[in-house]
Structure formats: C-alpha cells, structure tokens
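What the coordinates show
Okay, here's what each chain looks like letter by letter:
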Amino acid sequence: MEQAEQLLEEWGPKAEEMMTSLSPVEWGITGSVIFLLFLIRIIYKSSKKSRALRQAPKLSIKEFQISPLGKDAFLKLQNDGEKATLSSLDIKGRPDIKVTSAVAGHIMEPSTDYGILLQINSMGSIKRNFTIELTFQNQSGVVYRQSFPLAYDAPSKLKIVRYA
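Below is a short write-up of the structure. (Residues numbered from 1 in each chain as written. Predicted model: local features only at pLDDT ≥ 70, side-chain atom pairs only at ≥ 80, totals over all residues. Heavy atoms only, no water.)

1. A few points about the sheet that holds strand β7 (residues 131-137)
- Here 5 strands make up an open sheet; going across it, the order is β5-β3-β7-β8-β9 and the pairing antiparallel. Single-partner strands in this sheet number two, and they are β5 (107-108) and β9 (159-162).
- Relative to β7, strand β3 (residues 84-92) is paired through 7 bridges, and the arrangement is antiparallel. Residue pairing across strands places L86 opposite F136, the latter belonging to β7. (Pairing = 2+ DSSP bridges. Helix = DSSP H or I, 4+ residues; strand = E, 2+ residues; numbered from the N terminus.)

The structure is reproduced here in structure tokens:
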C-alpha cells in the first residue's frame, strides 16, 4: 500500500504535466489507438467463439423410449459432428430420475450412437416433462452445454462453457 502511494506521489505530477501538454490532435490520436485496441480484442473474441461453434460436436436425441410401466426410459444420443467426449448428463425438473449408465468420459465418434438408461426411484412414472442437459467437449478442449427439453422436439441453443 505504501508503494502505491509512493508511486502516485512520484508519478502523479509528471502524468498531470504530460496530460496538460498534449494538444487536441494528440488526444484524438491517443483515443483512436485505445479504441482500435479494444475493437481488435472484441473482433478476436467473436472470431474465436464462431470458430468454436463451427467445430462443435452436433449431438441430438435420436430416440427416447419410455417402458410400458413408466419405470425406465431409454435415451439414444447421436453425434453428427466432430468427435465429442461426454462430461455429464443432468436431469432438470425431475429429481427422482437417475442415470444408470456411465456417461462421463465416454467418447462419441462422428456418426455414432450412444444409449443411456434412465430409471425412476420413486412411486411415480417417467413422462416427457423434464429436460436433459448434456455437457461435453470437442477434441480441442472447448466445453459445451446443451439442453434437450423432452416436451419439445427441438434442442436448445448450444452454449460454450469454457474455451480451450
């Protein structure tokens, strides 16, 4: 803390003197350079995001079947894009449904399917009133999250959780 105060005392008057000595043209050039640096950073971030979305695995639900008694369900995922490594599968809206298949670490090659078994651990039955949320990553390490509401046929928009 003392060092910061000492630096402020030492450089404060020098910075104030330099700022008062700049002409309007020099202020305009300085502002333009700072603006361009911010603009370059924004463009770089957006291009990185669009590149990550282009390289994203394209997971979809190929099949969802509920057993006749409603105690079990079978979910079949399909990968139509790049190679994906599944991280987790969460069920939103139904805490009584559990995943009985191992999901974390499973590698889904392009154009392959993966089956997951779901079970209910209460007296109710499984209906299409919940959302399946998948977390997965591509080969370059970008982590994605996508929700699949089973009440609707369309999945939600793919979200990037973490860049590599």
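2. With respect to the nonpolar core
- Of all hydrophobic cores here, the largest spans 28 residues; its most connected members are L86, L118 and F130.
- Looking at this core, the elements that each hand over two or more residues are β1 (59-66), β2 (72-79), β3, β6 (112-120), β7 and β8 (143-149).
- Discounting residues that sit within four places of it in the chain, L118 has contacts with F64, K71, D72, A73, I91, I97, K98, V99, T100, I126, F130 and I132. (Core = buried A, V, L, I, M, F, W, Y, C linked by side-chain atoms within 4.5 Å. Buried < 20%, exposed > 50% of the residue type's maximum accessible area, 1.4 Å probe, protein only. Contact = heavy atoms within 4.5 Å.)

3. Quick word on the environment of L36
- Mapped onto the secondary structure, L36 falls in helix α2 (residues 24-54).
- C-alpha separation for the pair L36 and S156, spaced 120 residues apart in sequence, amounts to 35 Å.

4. Observations concerning the side chain of R94
- The topology assignment puts R94 in the loop between β3 and β4 (97-99).
- A relative accessible area of 11% places R94 in the buried class.
- Every residue in contact with R94, bar those within four places of it in the chain, is listed here: I120, S125, I126, K127, N129 and F130.

5. With respect to the pattern of salt bridges
- The tally for this structure, following the rule as stated, stands at 6 salt bridges.
- E63 is paired through a salt bridge with K76; the nearest N and O atoms lie 4.0 Å apart. Placement of E63 in strand β1 and of K76 in strand β2 is noted, with a sequence separation of 13 residues between them.
- You can call E63 partly exposed: its relative accessible area is 26%.
- One salt bridge in this structure joins E109 and K83, with 3.6 Å as the shortest N-O distance. Residue E109 is found in the loop between β5 and β6, and its partner K83 is found in the loop between β2 and β3; the two are separated by 26 residues along the sequence.
- On the accessibility criterion, E109 (37% relative accessible area) is partly exposed.
- Among the ionic contacts, a cluster of salt bridges with common partners joins K92, E133 and R145. (Salt bridge = Lys/Arg side-chain N within 4 Å of Asp/Glu carboxyl O.)

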